[in-house]
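Here is how the chains run, residue by residue.
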Amino acid sequence: MPARPPEPPRTTGRRGAATGPSDDTEPLALYWAFYWAVAEAQLARWLPRRPGRLLDLSGDDGRSAAQAAGAGHRVIEVVEPVPDGAPPRVGAETRPPGVSTVIADAGRLGCLTDASVDGVIAENRVLSRHLVTEAAVAEIARVLRPGGRLLVSVDSLTLGMALLAERNQWAHLSDVPAAEVLLVPWPDGTITRCFGIDQLRELLTESGLEVEWVRPRTVLSPSTVEHMLTRSPETLPRLVNTELTAPPGDDSLGVHLLASARRPER
């Protein structure tokens, strides 16, 4: 799959509802519409059945926070300050019922006490953008109550290697197999941290979390999805269900990895 912008393109019809690209000329537009439908379905499956207090670090314009609140949970949404130091526009009137907002660094959760939330949603590659990811995960583990769960998505090694190859950074690319940490510069000047399945599992376990599963966000290839949806747009729900029931696969598939972990009861 070709390298993509740091955030997959999407538009939102109502706050928190991903509808996919509105321009059919967008490269891989059908794949990204499929991608966001899969992400929504995966979050719906992961959300606790019993209403609880969730922390959303995703910074995805409220998409996952709104979905969790719609499922009956009380959600604290962390919104990071914009780079120039001015507070983002997060007026209470824009928040759906059940969502409250805190302006803070998603990697430093000093505003929350120990064991104070039932679950943490760290979607939208937020931990890949926090390069000292170990510290961010340690904070997540601290605020989770015993038995609480984490859902996290990160950039994969596949994406990182594609970016390095596109920029002809062959020396860096040859070092990837031996690298303990892979930091990849993007064309816009940002840096992302990419993970393999084993690296992501190790990151979570070293913070004291029990890994439930790790898998690529999608295992169906973009070309397959584009071909199927071009021929039969009505097959989208069937493709999403295929993705949800597919074997986990390995980290050679997909640009992003998804993982679920739990803080032990003991």
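Calculation criteria
Position numbers for residues count from 1 along each chain, tracking the sequence in the order it is written. Owing to the predicted nature of the model, reporting of local features is limited to residues with pLDDT of at least 70; listing and counting of side-chain atom pairs is limited to 80 or more, with chain, interface and lining totals taken over all residues. Excluding hydrogens and water, the side-chain values take into account all heavy atoms of the structure. In this description a helix means any DSSP run of H or I spanning at least four residues, a strand means any run of E spanning at least two, and both kinds are numbered starting from the N terminus. Exposure categories follow from relative accessible area, calculated using a 1.4 Å probe and restricted to protein chains: below 20% of the type maximum is buried, above 50% is exposed, and the middle band is partly exposed. Note on definitions: salt bridges are taken to be side-chain nitrogens of Lys or Arg within 4 Å of carboxyl oxygens of Asp or Glu. Two aromatic rings from Phe, Tyr or Trp, using only the six-membered ring of Trp, form a pair when their centres are within 6.5 Å; if the ring planes differ by under 30 degrees the pair is stacked, by over 60 it is edge-to-face, and anything between is tilted. For this analysis, a nonpolar core means a set of buried residues of the types Ala, Val, Leu, Ile, Met, Phe, Trp, Tyr and Cys, connected via side-chain atoms within 4.5 Å. Only the stretch in contact is used when a helix axis is fitted, and all axes are lines through C-alpha atoms; the angle between N-to-C directions ranges over 0 to 180 degrees. Under this scheme an angle from 65 to 115 degrees is roughly perpendicular, one under 35 degrees roughly parallel, and one over 145 degrees roughly antiparallel; angles in between are oblique. Here a crossing is called left-handed whenever its near helix is offset anticlockwise from the far helix by less than a right angle, and right-handed whenever the offset is clockwise. Residue contacts are defined here by distance: any two heavy atoms, one from each residue, within 4.5 Å place the two residues in contact. For this classification, the nonpolar set comprises Ala, Val, Leu, Ile, Met, Phe, Trp, Tyr, Cys and Pro, the charged set comprises Asp, Glu, Lys and Arg, and every other residue, Gly included, is treated as polar. A residue's pLDDT is the confidence the predictor assigns to it, expressed on a 0 to 100 scale. DSSP-based pairing: two strands are paired if at least 2 bridges between them are found.

**Let's talk about unusual backbone geometry**
- Positive phi outside glycine occurs at Asn124, with the angle close to 60°.
- With respect to the secondary-structure elements, Asn124 resides in the loop between β4 (117-122) and α3 (126-129).
- For Asn124, a relative accessible area of 6% translates into the label buried.
- Positioned with a positive phi, Arg125 is a non-glycine residue whose angle comes to about 65°.
- The topology assignment puts Arg125 in the loop between β4 and α3.
- The exposure class assigned to Arg125 is buried, which follows from its relative accessible area of 3%.

**Quick word on the pattern of salt bridges**
- Scanning the entire structure with this criterion turns up nine salt bridges.
- A salt bridge links Asp114 to Arg142, with the shortest nitrogen-to-oxygen separation between them at 2.7 Å. Taken together, the residues span a long stretch of sequence, with Asp114 in the loop between β3 (99-103) and β4 and Arg142 in helix α4 (residues 133-143) at a distance of 28 residues.
- A residue is classified by how much of its surface remains accessible, and Asp114, at 53% relative accessible area, is exposed.
- Between Asp118 and Arg145 there is a salt bridge; the shortest N-O distance is 2.5 Å. With Asp118 in strand β4 and Arg145 in strand β5 (residues 144-156), this pair connects stretches of sequence that are 27 residues apart.

**Remarks on the packing of aromatic side chains**
- All chains considered together, the criterion is met by five aromatic pairs.
- Their ring planes at 65° and their centres at 5.2 Å tell us that Tyr31 and Trp32 sit as a pair that is edge-to-face.
- Ring pairing ties together the aromatic residues Tyr31, Trp32, Phe34, Tyr35 and Trp36, which thus form one cluster.

**Notes on the nonpolar core**
- Judged by nonpolar contacts, the single largest core of 33 residues is most densely connected at Leu55, Leu57, Val120, Leu127, Leu150, Leu200 and Leu204.
- Broken down by secondary-structure element, the contributors of at least two residues to this core are β2 (74-79), β4, α3, α4, β5, α7 (197-206), β8 (210-216) and β9 (256-262).
- For this core, the element with the highest residue contribution is α4, accounting for five residues.
- Phe34, Tyr35, Ala39 and Leu229 belong to the second largest nonpolar core, which has 13 residues in total.

**Some points on the environment of Pro96**
- Position of Pro96 relative to the elements: it lies in the loop between β2 and β3.
- On the basis of relative accessible area, Pro96 is assigned to the partly exposed category, the value being 24%.
- Taking the C-alpha atoms as reference points, Pro96 and Gly62, 34 residues apart in sequence, are found 9.1 Å from one another.

**Focus: the packing of helix α1 (residues 29-46) against helix α9 (residues 236-245)**
- Between α1 and α9, the least distance of the axes is 10 Å, while the angle of their chain directions is 55°. Compared by their axis directions, α1 and α9 come out oblique. For the element pair α1 and α9, the recorded crossing hand is right-handed. Facing α1, whose interface residues are Phe34, Ala37, Val38, Ala41, Gln42 and Arg45, α9 presents Leu236, Leu239, Val240, Glu243, Leu244 and Thr245.
- Looking at the contact of α1 with α9 residue by residue, the class counts come to eight nonpolar, two polar and two charged.

**Re the confidence of the model for the protein**
- Looking at the protein, pLDDT values average 82 and 78% of them are 70 or higher.
- The model gives residues 1-7 a pLDDT under 50, and that stretch makes 26 contacts with residues more than four places away or in other chains.
- Counting contacts from residues 9-23, a segment whose pLDDT is below 50, to residues more than four positions away or on other chains yields 42 contacts.

**Examining α4**
- For α4, the set of buried residues is Thr133, Ala136, Val137, Glu139, Ile140, Ala141 and Val143.
- Contact partners of the buried residues in α4: β1 (53-56), β4, α3, β5, β7 (191-195) and α7.

**Things to note about the environment of Trp32**
- Looking at the secondary structure, you find Trp32 in helix α1.
- Taking relative accessible area as the criterion, Trp32 reaches 0% and is therefore assigned buried.
- Separated by 194 residues in sequence, Trp32 and Glu226 place their C-alpha atoms 9.4 Å apart.

**Digging into the environment of Leu257**
- For Leu257, the position within the fold is in strand β9.
- The exposure class assigned to Leu257 is buried, which follows from its relative accessible area of 0%.
- Separated by 41 residues in the primary sequence, Leu257 and Pro216 have C-alpha atoms spaced 4.3 Å apart.

**So, the pairing of β5**
- Counting buried positions along β5 gives 11 out of 13 residues, so the element sits mostly inside the fold.
- In the sheet, β4 pairs with β5 via five bridges, with the strands oriented parallel. Across the sheet, the residue bridging to Val120 is Leu150, located in β5.
- Pairing geometry for β5 and β9, over seven bridges, is antiparallel. Its bridge partner being in β9, Arg149 is matched across the sheet by Arg262.
- As defined by bridge partners, β5 adjoins β7 across two bridges and the pair is classed as parallel.

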